[in-house]
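Spelled out, the chains give:
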Amino acid sequence: TGAALSADGKRLALGKPDRVAVWDVAALKADPDAPPLLEKKAPGGWVQFDRVSGRLWAAEYSMRPGEECRARCWDPVSGAEMAAVAMRHGEAEVWH
């Protein structure tokens, strides 16, 4: 499970092996059952907000030899996928 707080402290991302979700921190303080602003069916063992753009990156936490995984980047406001990076032990290819 992964967790990240945006640089401005306004959004919280939680990731699980099969799901990534983003919440508004103020909404969670008011109602712990508040629905997420963004929810994607994608690996989220590692999640991180970009400090400059505020976009959310998520990927599998670990890779086994010979496996390939994809890190994805989303705009947490629109939910649009902005980029994906295929990774295989020391190699990466970026799609925009």
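Note that the structure is predicted; figures quoted are calculated from it, not measured.

Q: An account of the sheet that holds strand 1 (residues 2-5) is requested, with residue identities and associated values reported.
A: In spatial order, the strands read 1-2-3-4; together these 4 strands make up an open sheet with antiparallel pairing. Sheet topology places strand 1 and strand 4 (38-40) at the edges, where each strand pairs with a single neighbour. Averaged over all neighbouring strand pairs, the angle between strand axes comes to 10°, with direction disregarded. Two elements, strand 2 (residues 11-16) and strand 3 (residues 19-24), share 6 bridges in a ladder whose sense is antiparallel. Bridging from a neighbouring strand, Leu-14 pairs with Ala-21 of strand 3.

Q: I'd like a description of the pairing of strand 6 (residues 56-59), backed by residues and values.
A: With 4 bridges joining them, strand 5 (residues 46-49) and strand 6 adopt antiparallel strand pairing. Within the sheet, the bridge partner assigned to Val-47 lies in strand 6 and is Ala-58. Connecting strand 5 to the antiparallel partner strand 6 that follows it, the hairpin turn spans 6 residues, and Gly-54 within it adopts a positive phi of roughly 80°. Here strand 6 pairs with strand 7 (residues 69-74) via 3 bridges, running antiparallel. Counterpart to Leu-56 in the pairing with strand 7 is Trp-74.

Q: Break down the nonpolar core for me, citing the residues and quoting the values.
A: If you look at the biggest cluster of nonpolar residues, it comprises 11 residues: Ala-4, Ala-13, Val-20, Val-22, Leu-38, Ala-42, Val-47, Phe-49, Leu-56, Ala-58 and Trp-74. Non-local contacts of Ala-58, meaning those with residues more than four positions away in its chain, are made with Val-20, Pro-43, Gly-44, Trp-46, Val-47, Arg-70, Ala-71, Arg-72 and Trp-74.

Q: Any chance you could break down the pairing of strand 3 for me, citing the residues and the numbers?
A: The antiparallel pairing of strand 2 with strand 3 creates a hairpin that spans 2 residues between the two strands. With 3 bridges connecting them, strand 3 and strand 4 associate as antiparallel partners. Bridging from a neighbouring strand, Val-20 pairs with Lys-40 of strand 4.

Cut-offs used in this document
- Residues numbered from 1 in each chain as written.
- Predicted model: local features only at pLDDT ≥ 70, side-chain atom pairs only at ≥ 80, totals over all residues.
- Heavy atoms only, no water.
- Pairing = 2+ DSSP bridges.
- Helix = DSSP H or I, 4+ residues; strand = E, 2+ residues; numbered from the N terminus.
- Axes fitted to C-alpha atoms, helices over the stretch in contact; angles between N-to-C directions.
- Core = buried A, V, L, I, M, F, W, Y, C linked by side-chain atoms within 4.5 Å.
- Buried < 20%, exposed > 50% of the residue type's maximum accessible area, 1.4 Å probe, protein only.
- Contact = heavy atoms within 4.5 Å.

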